[in-house]
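Overview (structure and organization)
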Amino acid sequence: MNRIDRRFAELKSAGRTGLIPFITAGDPSPDSVVPLMHALVDAGADLIELGVPFSDPMADGPVIQHASERALAKGVGLAQILAWVGEFRSKDANTPIVLMGYLNPIEIHGYAKFAAEAVAAGVDGVLLVDCPLEESETIRPLADAGLHRIFLAAPTTVDARLAALTAQASGFLYYVSFAGVTGANRLDLTPVHARVAAIKRLAPELPIAVGFGVRDAQSAVAIAEFADAVVIGSALVEHLVNSAPAAAVTDSARGFLAPIRQALDTRSTRHAA
Amino acid sequence: MLANTFNANASAAAIDYTQYPDAHGRFGDYGGLYVAETLMEPLAELREAYLRLRQDADFIAELDRDLKHYVGRPSPIYHAERLSQKVGGAQILFKREDLNHTGAHKINNTVGQALVAKRMGKRRIIAETGAGQHGVASATVATRLGLDCVVYMGAVDIERQKINVYRMKLLGAEVVPVTSGSQTLKDALNEAMRDWVTNVADTFYIIGTVAGPHPYPMMVRDFNAIVGREARAQMLDQYGRLPDAITACVGGGSNAIGIFHAFLNDREVKLIGAEAAGDGIETGRHAASLAAGRPGVLHGNRTYVICDDNGQITETHSISAGLDYPGVGPEHAWLKDTGRASYAGITDEEALAAFHELARSEGILAALESSHAVAQGIKLARDMDKDKLILVNLSGRGDKDVHTIAAREGIAL
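This text gives an overview of the structure that appears in the document. (Residues numbered from 1 in each chain as written. Chains lettered and ligands numbered in written order. Predicted model: local features only at pLDDT ≥ 70, side-chain atom pairs only at ≥ 80, totals over all residues. Heavy atoms only, no water.)

Brief notes about the packing of helix α6 (residues 133-144) of chain B against helix α8 (residues 162-170) of chain B
Residues and elements named next belong to chain B. Using the following cut-off: Orientation is described by lines fitted to C-alpha atoms, with helices fitted over the stretch in contact, and by angles between N-to-C directions that extend from 0 to 180 degrees. Secondary structure follows DSSP: runs of H or I at least 4 residues long count as helices, runs of E at least 2 residues long count as strands, and numbering of each begins at the N terminus. Angle categories: roughly parallel below 35 degrees, roughly antiparallel above 145, roughly perpendicular from 65 to 115, and oblique for all the rest. Contact between two residues is taken to exist if any of their heavy atoms lie within 4.5 Å; hydrogens are not considered.
Packing of α6 against α8 brings their axes to within 9 Å, and their N-to-C directions diverge by 10 degrees. With respect to each other, α6 and α8 are oriented roughly parallel. Contact residues: α6 offers Q133, G135, V136 and A139, while α8 offers N164, R167 and M168.

In structure tokens form, the structure reads like this:
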């Protein structure tokens, strides 16, 4: 069983909301990646999205663009990222890892070669921003190797596409809370709630994670009212880059994520009661 | 069954080039729709609107009127007799797209897309620009239709194309400097995409080249294909035959596909794209995606890209901002692979030499982009007989480049 499926099954039976932090691999420093991943798990991460930096991140706002530029300037590439995942996996056999990024680095690496290496390293899924359902044949070798292809749904996704997306989805569906780039501050929960409910009616068993615009415990708790998991990316990346000494990065990550975990758990306990 | 077998084994000689892209926006292995989910529906709406409008008699009539009375079409074909004599080979002819309103072929496309935008009820236009020609052409059509216009331009390009930046401002457009990445055309395109994804409800994105996600490579080609249609009729009318070869510069490739397209099924006409070889392909400082790149995915389509072994798009170099792009339109990628067109690199020095040669022998200041096509035409002419005809797409005029050329020669204006 894929670790992502197992994790969402565990969350469901425990009545908890999943917490999914995103970090850009190699930022704020290449040395900090693996300790940072462990720290995120310590602080309550249920799944980690590891961003593969790309030179032309069309769907990302300034925070993740700059994180990518910093990582690339330090020479971070796919092979090194897979090595980090392997290193993380040697001490953590359970936390699912999704690589998030754009097609070209994988295209150039070779799809089948990447798929085999990613599975061997302990990657569980891939979310490729510029590979929509219509082009997903391109990444079939990844699915064949056992990696979940995580699809996105957005406010502009029409119902017919939503049905196709939920039918093809694996792992979970990532709902983009607003039309825009990552890190923008445009979150309006009412339409998001309605849309997630509509997806739930189409596919009751498919876990839905909501991302884009989640900045803190308050917005995470609000989303937990209707989603199975919340994704926090830009706010975390921004927080980490401001924690200057490398040694402080793991503490900084814990300090950022733990209160959000606590707020989510308080909410689910209240619900259970 | 027989037909299927035949198609599966189709050689370049059997391809009907007018039938592409397919419904999925593919030219062979290239093209497609590699964009974020948020843009899938807006692109579907655009595709439907465009496919409907291109059959719509009113739309076609309005476009034809604008091209004739506003752009100034048809553009002439001019026989550069003095230049041809100096070169001493084939006769060099120019398709004078530099004589269009705003000074380049770019207006053919922006006039068309602006009419699509208007019919779709959009009130805000965004565009990316490299040399500034597409930005000017977008600002021009936007203000004429009373639409707001925002142009994204790399900070490096803003510095080297100051005149066009000011022209855009005079036309009422807002020019937004892009300071991410290499601060050139590719980054301007990223930023325009980010704007579009954010303001998708009321905004129309006029892409300036035959790249981007489907339907852009098809739509931008269609609007520029008038260049080749005119040229083909003019050749038959003025010379009683088709040219032996056609050259055009290729950055994204819109003027090249524009002039090539009507000739794709005329197998006897050689088609040669001139890419920017910058300091020389061997130096690594160039923008020759087809000559020196590899298949990859960038800006919404599969095509040839210039990238490193990690798949990161690398910085390109060309003296001409309009060719300084690490991708290329997917139709060109396909024409390269099928062998229907070939693509060669022209260095900065070769383009500059052609610029001066053309200025002195014919009294025409060509854009630095177009000077690459001129250089390719001159090279080709040398090895061909005097009775052969080479048609060069003179895609834009060089006024905007006067400062760059002066600076290169150590002259302060």
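As for the sheet that holds strand β4 (residues 91-96) of chain B
Residue and element names in this part refer to chain B. Rules: If DSSP finds at least two bridges between two strands, the strands pair.
Read across the open sheet, the six strands follow the order β3-β4-β14-β9-β10-β13; overall the sheet is mixed. Only two strands of the sheet have a single neighbouring strand rather than two, namely β3 (77-79) and β13 (341-347). Strand-to-strand twist in this sheet, taken as the mean axis angle between neighbours without regard to direction, amounts to 30 degrees. The sheet strands contacting helix α14 (residues 330-338) are β9 (245-250) and β13, and the helix crosses β13 at an angle near 110 degrees. Relative to β9, helix α16 (residues 368-382) is tilted by about 150 degrees, and along the sheet it contacts β4, β9, β10 (270-278), β13 and β14 (389-394).

Things to note about the nonpolar core
When a protein is soluble and globular, its nonpolar side chains tend to lie buried together. Operational definition: Remark: nonpolar core denotes a set of buried residues (Ala, Val, Leu, Ile, Met, Phe, Trp, Tyr, Cys) joined through side-chain atoms within 4.5 Å. Here's how the labels work: a residue is buried when its accessible area is under 20% of the maximum for its type, exposed when over 50%, partly exposed in between, all with a 1.4 Å probe on protein chains only.
Core analysis: the largest hydrophobic core is formed by 125 residues, its most contacted members being A:F172, A:Y174, B:W196, B:Y205, B:Y216 and B:F260. With seven residues, the single largest contributor to this core is helix α9 (residues 185-198) of chain B. Apart from residues lying up to four places away in sequence, B:Y205 is in contact with B:Q113, B:I126, B:A127, B:E128, B:L189, B:A192, B:M193, B:W196 and B:Y216. Counting residues in each nonpolar core, the second largest holds 72 residues, with A:I81, A:L99, A:V221 and A:I260 among its members.

Let's talk about the sheet that holds strand β2 (residues 30-34) of chain B
Residues and elements named next belong to chain B. Reading across the sheet, the four strands line up as β1-β2-β12-β11 and stay open at both edges, with antiparallel pairing between neighbours. For this open sheet the edge positions go to β1 (26-27) and β11 (294-298), each flanked by a neighbour on one side alone. With two bridges connecting them, β1 and β2 associate as antiparallel partners. Paired with F27 across the bridge in β2 is Y30.

Looking at the pairing of β11(B)
All names here are of chain B. For β11 and strand β12 (residues 300-305), the ladder comprises five bridges, and the chain directions are antiparallel. When the sheet's bridge partners are listed, P295 is paired in β12 with Y304. Counting the residues that bridge the hairpin from β11 to β12 gives one residue, and of these H299 lies at a positive phi of roughly 50 degrees.

Section: the environment of B:A173
Residues and elements named next belong to chain B. Among the secondary structure elements, A173 is positioned in the loop between α8 and β7 (174-178). On the basis of relative accessible area, A173 is assigned to the buried category, the value being 9%. Between the alpha carbons of A173 and T140 there is a distance of 8.7 Å; along the sequence they are 33 residues apart. Look past the residues within four positions of A173 in its chain and what remains in contact with it is A139, C149, V151 and M168.

Focus: the interface of chain B and chain A
For clarity, the cut-off: Put simply, buried area is how much 1.4 Å-probe accessible surface two parts lose in total, over both of them, once they are put together. Here, a salt bridge means any side-chain nitrogen of Lys or Arg that lies within 4 Å of a carboxyl oxygen of Asp or Glu. Side-chain classes are defined by residue name, with Ala, Val, Leu, Ile, Met, Phe, Trp, Tyr, Cys and Pro counting as nonpolar, Asp, Glu, Lys and Arg as charged, and the others, Gly among them, as polar.
Contact residues are listed per partner, giving 39 residues for chain B and 39 residues for chain A. In total, chain B and chain A occlude about 3,000 Å² of area from one another, counting both sides; carbon and sulfur atoms represent 52% of this. If you sort the residues of chain B by the area they bury against chain A, B:E37, B:R194 and B:Q312 come out on top, with a joint share of 23%. Summed over the shared surface of chain B and chain A, the number is four salt bridges. Between A:E107 and B:R302 there is a salt bridge whose closest N-O contact spans 2.4 Å. Looking at the side of chain B that touches chain A, the elements that each hand over two or more residues are β2, α2 (40-53), α9, β11 and β12 of chain B. Examining the composition of the side of chain B that touches chain A, we find that eight residues originate from one element, α9(B), more than from any other. A breakdown of the residues in the side of chain B that touches chain A according to their chemical character gives 15 nonpolar, 13 polar and 11 charged.

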